[in-house]
Structure formats: structure tokens, C-alpha cells
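# Reading the structure
Okay, here's what each chain looks like letter by letter:
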Amino acid sequence: MDQISLSYFQLISKSTELFNNSVQLFNYYNSIYFRTFQQVLKKKEEEEESESSSELDDIENFYNAWLKIMDREFNKELKSISFTSLLSKYIDSVTDLHSLYRRIGFPVGYIDWMFKSYIQNMMSLATSSILKESKLSPHDIIYLKGKTRLLHYHDIREKEEEDKENSKPLLIIYAPINRFHIMDLNPKRSVVRNLLSKGLDVYLLDLGYPNKEDDKLSLNDYVDYVKDAVQTILKKEKEEQQGQRQENKKISILGYCWGGILALIYTALEATNTTQNNSDNTVKNLTLMATPVDFNKESTILANWSRAVDIDKMMDEFGNMNGQILDLAFAMRNPPRYTFDKYFKLFKKLYDKEFVDTFIDVERWLYDTPPVPGNLHRQIINNCYKDNLLITNKMKIDDNYIDLRNITIPILMIDAEKDDLVTTESAIAVSDYVSSNKKDFLKSPGGHVALCISDNAYEKLWPKAAKWIQSK
């Protein structure tokens, strides 16, 4: 059998394998839908037989009861060994087929580009950077390297100049997943504006929209971005003190989710460096917002999936974690909740203009997920989710071990009660590994994104967080 015939035989075999795995995944989800539907139906029939009044006679109540049971079943079944094993086989078959097409000369790079272009064009209104950028609070870009920018927001307070000069600098480090716009969604839903109004001098590190040429970027590069941002802020602060009494200003850092991992790593390395060189620490305090730290306590669906997948094989083949694949993974945690149910809720609140505007802005943000550079993605998955090296002080950046014990500055942990991306146990575990004397904790109702957009977050959480940052 010649090489061409063998290759096409392998294509048939791998395509069949992928098809079978796809069918099994499809059936797995369908079995949950039908099984949970039957449970609600049985409950309704039992109530009818007992001749008692049943709320399940109402279609909406029946639907909500079904969703509630599905929530429980998805959370249990999608973490199971049987499902994660099936998911791993499915991703392996996709990767193998992609690799085979590439090796026989099929233009997979062009096809990948066409697919991405199609998705972006289809979502052009939702993902328009112009629309999202137009709603940002006024700012200047004071640092630019590659795709990364450092934004410095304008003070929005109507106060005396002396008050503005005494503003405490705060650097927000957003995650390399999705875009930073959720922190400054629109004039009425903006964490940035909330913090500005409380007297903080806000900077934000935008990690940009990487492309194929950025696939080699690693965790080291991203920590360097944080280091550059800190140095840029300190230099700017020093220049603004010209002619005034010189004061060694320190900055506060706030990291969100994976951005919190970057913030924690940078702070630990900075603490180690200042100890070794007998110099001043430039970080005043650290706030970790929905940040996973102890990954042995990370029991979410995505954490289980991350541990099950051969990420090295996947990144070797594709080069990066495609943003649209991440969007699909987020939705597949619970398709009813993260697809049609949210639009059902939107339909019920069409009369509420502010709700509708915020919903549209969140959707634009949600479906604008950039690819995550392959080296960065594999480092975080392998070093954190799989090997949990961060808390054992065995994780390395540029041959330097990250030792959380060297962190002595005040630390604030912010957690969402219903976060299905980061568990509370994992987030608060940082307090067990740092040497800080001052360790505080704030909790807010809702989920991961609610920390950025909910009424409770704006009325209670962020005023408290701003006060903590200023006082420590």
C-alpha cells in the first residue's frame, strides 16, 4: 500500500473515530436532558395523583424546576470520570485528525483562518471593538508593547487638585481570557468608574488580542508585562512629583481570575527580589478577585476538564487555545443555562432599558474571546490545574521559584458566592500560604461575572474594596 493510500485509509479511520466520539458526547447530553425531564414529569404526576395543587401545572414553573434539576445533574455528570474520559478521547480525535490533514498537505492553516474569519464576521456587531471601546471611561494609553497596553483613567471627581494629587495608584490586571471591557462595561456598569469615584488613581493592563505570531508567549512574558506596567506607573508618579516633596509611592494591585494569578506571581517575585537586595517593596497591597490558588480544591467543571485533556498535545498541534473553542467550553458546562435560558430572561425584561443595554454589552464582551497563546495556556494548565505547583513553591519564572511565603503585604480576597469558575475554597486558600499579617475577605452574591456588573457589587462590594485598598 503506497503512502497516499495509507494516509487516506488513516483519514477514514480517524474521521470515523471522531464521528463516534461526537455521537457519544451528543448522547451523553441528551440522556441528561431526557432523564431530568422525566424526573420533573414524574413529580408532576405524583402531585396530580395526590390531588394536591401543583405549581408544576404552570409551564414556566415546570421549566424552572427542570432547569434546577439539570443544574444538579450537569454539575455531577460532567465532572465524572466517564464524561471527562469521553471528552479527552473526543479532543484527542480532533487533534489527531487535524494533524493528519496537515501532514498530508491539506491547508489546515488556511481552513482555520477561514473558520475564525467566518465566526468574527458573523459576530461582527457583537464583537465590534469600536462599539466596546466607545463606552470606556476616558483614559490615556501610557505603555504599549506588542498587543499589550496600559490604560490610565482620567479622574472623574469634581474635587480640589490636592485631593487628586493624593489619589492612591491602583493597577488592575485583567485575565488573558476574554477582554478587559467587563471591568468598564458602560457608564452605569463600570468597576473602574466606581473605584475612580472613591478616589483611587486607576490603571488597567489590557493584555490585548493575540494572534498566531504570539503563540510562543509564555507566563514569563506576561509577568514581564506586569513588571513593565508597575515601573511605568512608578515613573509617571515620580515625574508628577517634580518640584514637590518627594515621596516613595507604592502601588496597589488588583488581579481578576487568571489576572490574579499573574498578580500573585509578580508580587511573590517582587517580594523575593526586595528581600534579597534589601530594597523597598513597590507593591503596597494586593487584591485577588475570584482568583484560583489551591488547584487541588478547584472542583469546577472546567477545572476537571482541564485536568483530563492532554494540553501539550493540543497546543503542539493548534499553537493556541482558540477563543471560539473556549466560548463553546463555557457554554457546554450547562447548555440550557448558558444558551437559551438567558435569552428567555431577556425577553421577560424587555421593558427595562438599562437591563437590555447591559445584557447586550455583556454579550458583546462574552463572544469576543481572544486566543490564549499556547505556551501560556499549557503552563497554567500543567503547573497549576494539574500539578498545583503554585502553593508548593515549585513553580518557576526565569529560573526563579515563586515562593508565596515571601509575600508580607496586606492581602484582600474577593469571592462570588455562586462562582462556577473558581471555588471559594481555592480562592481563600492563598491566606494559608502567604506570610501577610493582614488578610481580609469580601464575599458578594452572584457568580463570577456578577462581581463586575451586579447591583450588589456596585452598592456594597466595591465601596468596601476601595476603602480597604486606600487604608492598607
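Refer to the structure printed above.
Residues numbered from 1 in each chain as written. Predicted model: local features only at pLDDT ≥ 70, side-chain atom pairs only at ≥ 80, totals over all residues. Heavy atoms only, no water.

### So, the packing of aromatic side chains
How we decide: Geometry of aromatic contacts follows a simple scheme: Phe, Tyr and Trp rings, the Trp one being its six-membered ring, pair when their centres are within 6.5 Å, and the pair is stacked under 30 degrees between planes, edge-to-face over 60, tilted otherwise. Numbering goes from the N terminus for both helices and strands, where a helix is a DSSP run of H or I of at least four residues and a strand is a run of E of at least two. Type-normalised accessible area, obtained with a 1.4 Å probe on protein chains alone, sets the label of each residue: buried when under 20%, exposed when over 50%, and partly exposed for intermediate values. Should the NZ of a Lys or the CZ of an Arg lie within 6 Å of a ring centre and within 35 degrees of the ring normal, that charge is described as sitting over the ring.
Counting across every chain of the model gives 15 aromatic pairs. Judged by centre distance (5.8 Å) and plane angle (35°), the rings of Phe 83 and Trp 305 are tilted. Placement of Phe 83 in helix H3 (residues 81-103) and of Trp 305 in helix H11 (residues 301-308) is noted, with a sequence separation of 222 residues between them. The same class applies to Phe 83 as to Trp 305, namely buried. The ring of Tyr 338 is capped by Arg 333, whose NZ or CZ atom sits 4.4 Å from the centre of that ring.

### Let's talk about helix H14 (residues 335-348)
Threshold: One less than the residue count of a helix, multiplied by 1.5 Å, gives the span that helix is expected to have.
With 14 residues, H14 should reach 20 Å at 1.5 Å per residue; the first-to-last C-alpha distance of 20 Å fits that figure. All buried positions along H14 are accounted for by Pro 335, Pro 336, Asp 341, Lys 342 and Leu 346.

### Structural notes on the sheet that holds strand S14 (residues 439-444)
Sheet strands line up and pair through hydrogen bonds in the backbone, either parallel or antiparallel. Counted only if it meets this: The pairing criterion is simple: DSSP has to find at least two bridges between the two strands. All axes here are fitted lines through C-alpha atoms, helices being fitted over the stretch that makes contact, and every angle between N-to-C directions spans 0 to 180 degrees.
Here we have eight strands laid out as an open sheet, ordered S1-S2-S6-S3-S7-S8-S13-S14, and mixed in their pairing. Of all the strands in the sheet, just strand S1 (139-145) and S14 have a single pairing partner and so form its edges. Taking each pair of neighbouring strands and ignoring which way they run, the sheet shows an average axis angle of 20°. Taken together, the six bridges between strand S7 (residues 251-256) and strand S8 (residues 283-289) define a ladder with parallel strand orientation. When the sheet's bridge partners are listed, Tyr 256 is paired in S8 with Met 289.

### Considerations on the pattern of salt bridges
Basically, it comes down to this: The rule for a salt bridge is simple: a side-chain nitrogen of Lys or Arg has to be within 4 Å of a carboxyl oxygen of Asp or Glu.
According to the stated counting rule, one finds 30 salt bridges in the structure shown. Taking the shortest distance from any N to any O, the salt bridge between Lys 345 and Asp 341 comes out at 2.5 Å. With a gap of four residues between them, Lys 345 and Asp 341 both fall in helix H14, about one helical turn apart. The class of Lys 345 is partly exposed, set by a relative accessible area of 40%. Where salt bridges share partners, they join Lys 14, Glu 17, Asp 92, Asp 96 and Lys 313 into one cluster.

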